[in-house]
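Letter by letter, the chains look like this.
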Amino acid sequence: MREVCAGRVLPATELVSLDACTTRVLAQDIAADRDYPPFNRSVRDGFAVRSGDVPGRLRVIGEVQAGHQFEGSVNAGEAVEIMTGAPVPGGADAVVMVEHCVRHEDGSVETDRGAEPGSNIAAAGCEARAGEAVLKRGTRIDFSHVAWLATTGHSAVSVYARPRVAIIATGDEIVDIADTPAVHQIRNSNAYSLAAQVRRAGGEPVMLPVAKDNRAATAELIGRGLEADLLLLSGGVSAGKYDFVEAALEECGAHFFFDRILIQPGQPLVFGAARGKFFFGLPGNPVSTMVTFELFGRAALELICGMNDAPLPLSLATLTRPFRHKTGLTRFLPAELSCTEVTPVEWQGSGDIPSICRANAFVVADATRGEYAAGDLIPVLLK
Ligand code: AMP
Ligand code: MG
């Protein structure tokens, strides 16, 4: 039985080992098995003291290194030499850094620095309390989450199964990548770029044959595609005489949520549902296909993957040169982002794959603003 959460049917779950779980989506909360840190931990090499005793000269009564405990406690006028990661002895409430101390020949230690209670100590439980859910299900696991799973002793973890995403490229001009195209033909790049994007977003691509530009053949393949968890089509959604995708979807009982968006590239994007599955009809120009998947398909897929949310990786950067664009549509233009500076790259329009290969981001040009100057801040979508 699949679980339903906030109206969403969540994917089935499976157990994967810790070394294979990166990029998967957690299907369980991961709570702290004890307080973190489990003891008052020194975060510096130095001397554990009573904060009221410093500045001053103190008798050193022993030492404690990481992985050991000091038996006894620090009384007035005393200090214990302590290393990073070691438990702070009872009685002490501060650690003075070794760099701020002088050892005398009689073994005592002196510092001219004062210390606040708690300084250089990570108090027991300050990072997480025993039982506290630090990782929520629906989180995509990255390296920091792996550290937490390891810390809490998980050698395996429950994750959601990867949704199957059917991919159908369309077009009479499209040939297989192994073929030598005639002059009027092109190889099928969209199915492969989409498969790569699907994998990155956490799905399992299922590549179906290319649909010829006729309604019956397209509808037949759509029927097969709707057996997957999500269906992606590329091409055939414009207003051309041989664009049959929407008609074929209708034949399969599709309900359309929208069939046009005010962006470029990607204006003819179609989104809907049929037979209980969502589909996207992505415009066929390769850059349009890529951009619309990143903006819409990816978010949908991430939610189908069981993720809690699907934020766009947008940030702001400073333009290195002025540029203009025609208002009316929000444009996603290939660009090179370097630290906080961004430079739009030359491109010849939405068929220009080489320009996208040179880019590592897209500048997002506002539909109501035609001109940007060097030094202006502009939103940037990471590639
Ligand atoms: P369409 O959206 O079907 O009108 O296609 C728009 C442009 O994208 C045309 O120039 C197509 O040849 C091209 N195109 C469509 N599908 C693909 C594909 N699978 N791979 C590469 N280019 C494609
Ligand atoms: Mg076409």
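Small disclaimer: the values here were computed from a predicted structure and weren't measured.

J.: Tell me what's going on with the sheet that holds strand E15 (residues 164-169), and back it up with residues and numbers.
T.: Read from one edge of the open sheet, six strands run E18-E15-E19-E23-E22-E20, paired in mixed fashion. Every interior strand has two partners, whereas the edge strands, strand E18 (204-207) and strand E20 (255-258), have only one. Taken pair by pair, the neighbouring strands of this sheet meet at an average axis angle of 25°, ignoring direction. Two strands pair when backbone bridges link them, and E15 and E18 are joined in this way by four bridges, in the parallel orientation.

J.: So what's going on with the pattern of salt bridges? Which residues, and what values?
T.: If you walk through the whole model with that rule in mind, you get 14 salt bridges. With its nearest N and O atoms 2.9 Å apart, the salt bridge here joins Arg 24 to Glu 14. Here Glu 14 lies in strand E3 (residues 13-17) and Arg 24 lies in the loop between E3 and strand E4 (30-31), a separation of ten residues in the sequence. Since its relative accessible area comes to 35%, Glu 14 is described here as partly exposed. Two residues, Asp 35 and Arg 129, come together in a salt bridge whose shortest N-O distance is 3.1 Å. Here the residue Asp 35 occupies a position in the loop between E4 and strand E5 (41-42), and Arg 129 occupies one in the loop between strand E12 (121-122) and strand E13 (133-135), the gap between them amounting to 94 residues. Judged by its relative accessible area of 22%, Asp 35 falls in the partly exposed class. Connected through shared salt-bridge partners, Arg 140, Arg 200, Glu 294, Arg 298 and Glu 302 make up one network.

J.: If you had to explain the site of ligand 1 to someone new, which residues and values would you point to?
T.: Lining the immediate environment of ligand 1, one finds 15 residues, of which Glu 173, Asn 188, Ser 189, Gly 236 and Gly 284 sit closest. Between ligand 1 and Asn 188, the relevant distance is 2.9 Å, taken from a nitrogen atom to a side-chain nitrogen or oxygen of the residue. Interatomic distance of 3.3 Å between a backbone N/O atom of Asn 190 and a nitrogen atom of ligand 1. Its free accessible area being 480 Å², ligand 1 has 79% of it covered by the protein chains. Across the shell around ligand 1, the residue classes break down as four nonpolar, nine polar and two charged.

J.: Explain the pairing of strand E14 (residues 156-160) to me, and be specific about the residues and the numbers.
T.: Two faces, one strand: in a regular strand the side chains alternate between the faces of the sheet. Where burial is concerned, most of E14 is hidden: four out of the five residues are buried. Here E3 runs beside E14; their pairing, made up of five bridges, is antiparallel. Along E14, the bridge assignment pairs Ser 17 with Ala 156.

J.: Residue-level account of helix H5 (residues 286-304), with values.
T.: For H5, the principal kink sits at Phe 293 and spans about 50°. Counted residue by residue, H5 has 16 buried out of 19 residues, so it is predominantly covered. Where H5 terminates, the next one or two residues include Gly 306, which has phi positive at roughly 100°.

J.: Break down helix H1 (residues 143-151) for me, citing the residues and quoting the values.
T.: At 3.6 residues per turn, the α-helix brings residues three or four places apart onto the same side. The set of residues buried in H1 consists of His 145, Val 146, Trp 148 and Leu 149. Along the axis of H1, the buried residues cluster in a sector spanning 160°; they form a single face. Tucked into the core, H1 has its buried residues touching E4, E13 and E14. Gly 153 lies just past H1 and shows a positive phi near 80°.

Parameters at a glance
Residues numbered from 1 in each chain as written. Chains lettered and ligands numbered in written order. Predicted model: local features only at pLDDT ≥ 70, side-chain atom pairs only at ≥ 80, totals over all residues. Heavy atoms only, no water. Pairing = 2+ DSSP bridges. Helix = DSSP H or I, 4+ residues; strand = E, 2+ residues; numbered from the N terminus. Axes fitted to C-alpha atoms, helices over the stretch in contact; angles between N-to-C directions. Salt bridge = Lys/Arg side-chain N within 4 Å of Asp/Glu carboxyl O. Buried < 20%, exposed > 50% of the residue type's maximum accessible area, 1.4 Å probe, protein only. Near = heavy atom within 4 Å. Polar contact = N/O pair within 3.5 Å; in protein donor to acceptor, adjacent residues only side chain to side chain. Areas by Shrake-Rupley, 256 points an atom, 1.4 Å probe, with all protein chains shown as cover. Nonpolar A, V, L, I, M, F, W, Y, C, P; charged D, E, K, R; others polar. Bend = angle between axes of the 7 residues up to and from the residue. Arc of directions from axis to C-beta. Contact = heavy atoms within 4.5 Å.

Take it as geometry only, folks, not as evidence of what the structure does.
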